[in-house]
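Descriptive analysis of the structure
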Amino acid sequence: MTSTVHDPPVRDPIEELRTTLEEQFQRHSDQLAHLTVCSRQPDRGGFDDDILQALIGSSRQVVADTARALRRMAEGSYGACERCATDIPLQRLEILPHARFCVPCQRKRTG
Ligand SMILES: [Zn+2]
């Protein structure tokens, strides 16, 4: 990408994250639908039952967190920690766009 030295980036990083979140939501929804179909089959689609349940659980969590992040984006509260209201660094959001907490709060939650 070419730009002059003095101009700030034109693209809003939040818009980039919205695209990432929408793609992530779609991907995990599709995966969750697929895993749910597998779970109803007698052979569990070839999955180990415990692994399948774990995959469904984590997919469901990502879908829920991603939907929540997109809703917060629509409301204008995206990017603030849900616990202490500090702005979550963009660097963290780029790695984990559905992050709900800043790093210190996340650490406190997971112990
Ligand atoms: Zn926090």
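This text follows the structure it describes.
For clarity, every value in this text was computed on a predicted model and none was experimentally measured.

**Some points on the overall build of the protein**
- Secondary structure summary: the protein contains four helices and zero strands in total.
- For the protein, the C-alpha radius of gyration of 18 Å lies well beyond 13 Å, the compact-globule estimate for 111 residues.
- Counting across all 111 residues of the protein, residues that qualify as buried make up 29%.
- The long-range share in the protein, meaning contacts at least 24 apart out of those at least 6 apart in sequence, stands at 47%.
- As presented, the protein carries roughly 7800 Å² of accessible surface, and 53% of it is formed by carbon and sulfur atoms.
- One way to put it: in the protein the 15 positive side-chain charges average out to a point 8 Å from where the 16 negative ones average out.

**Considering the side chain of aspartate 65**
- Position of aspartate 65 relative to the elements: it lies in helix H2 (residues 49-75).
- According to the relative accessible area criterion, aspartate 65 is buried, its value standing at 14%.
- What aspartate 65 contacts, discounting residues up to four positions off in sequence, is His98 and Arg100.

**With respect to the coordination of the zinc ion**
- Within the protein, Cys81 (SG), Cys84 (SG), Cys102 (SG) and Cys105 (SG) serve as the donor atoms for the zinc ion, at 2.3 Å.
- Given four donor atoms and angles of 102 to 114 degrees at the metal, the environment of the zinc ion is assigned as tetrahedral.
- Mapping the donors of the zinc ion onto the primary sequence gives the spacing C-x2-C-x17-C-x2-C.
- With relative accessibility at 4%, the residue cysteine 81 sits in the buried group.
- Looking at cysteine 84, the relative accessible area reads 36%, which means it is partly exposed.

Calculation criteria
Residues numbered from 1 in each chain as written. Predicted model: local features only at pLDDT ≥ 70, side-chain atom pairs only at ≥ 80, totals over all residues. Heavy atoms only, no water. Helix = DSSP H or I, 4+ residues; strand = E, 2+ residues; numbered from the N terminus. Rg over C-alpha atoms; globule rule 2.2 N^0.38 Å. Buried < 20%, exposed > 50% of the residue type's maximum accessible area, 1.4 Å probe, protein only. Contact = heavy atoms within 4.5 Å. Areas by Shrake-Rupley, 256 points an atom, 1.4 Å probe, with all protein chains shown as cover. Lys, Arg positive; Asp, Glu negative; His and termini not counted. Charge placed at Lys NZ, Arg CZ, Asp CG, Glu CD. Donors = N, O, S within 2.8 Å, 3.2 Å for Na, K, Ca; no water. Tetrahedral: all angles 85-135°; square planar, octahedral: opposite > 155°, others 65-115°.

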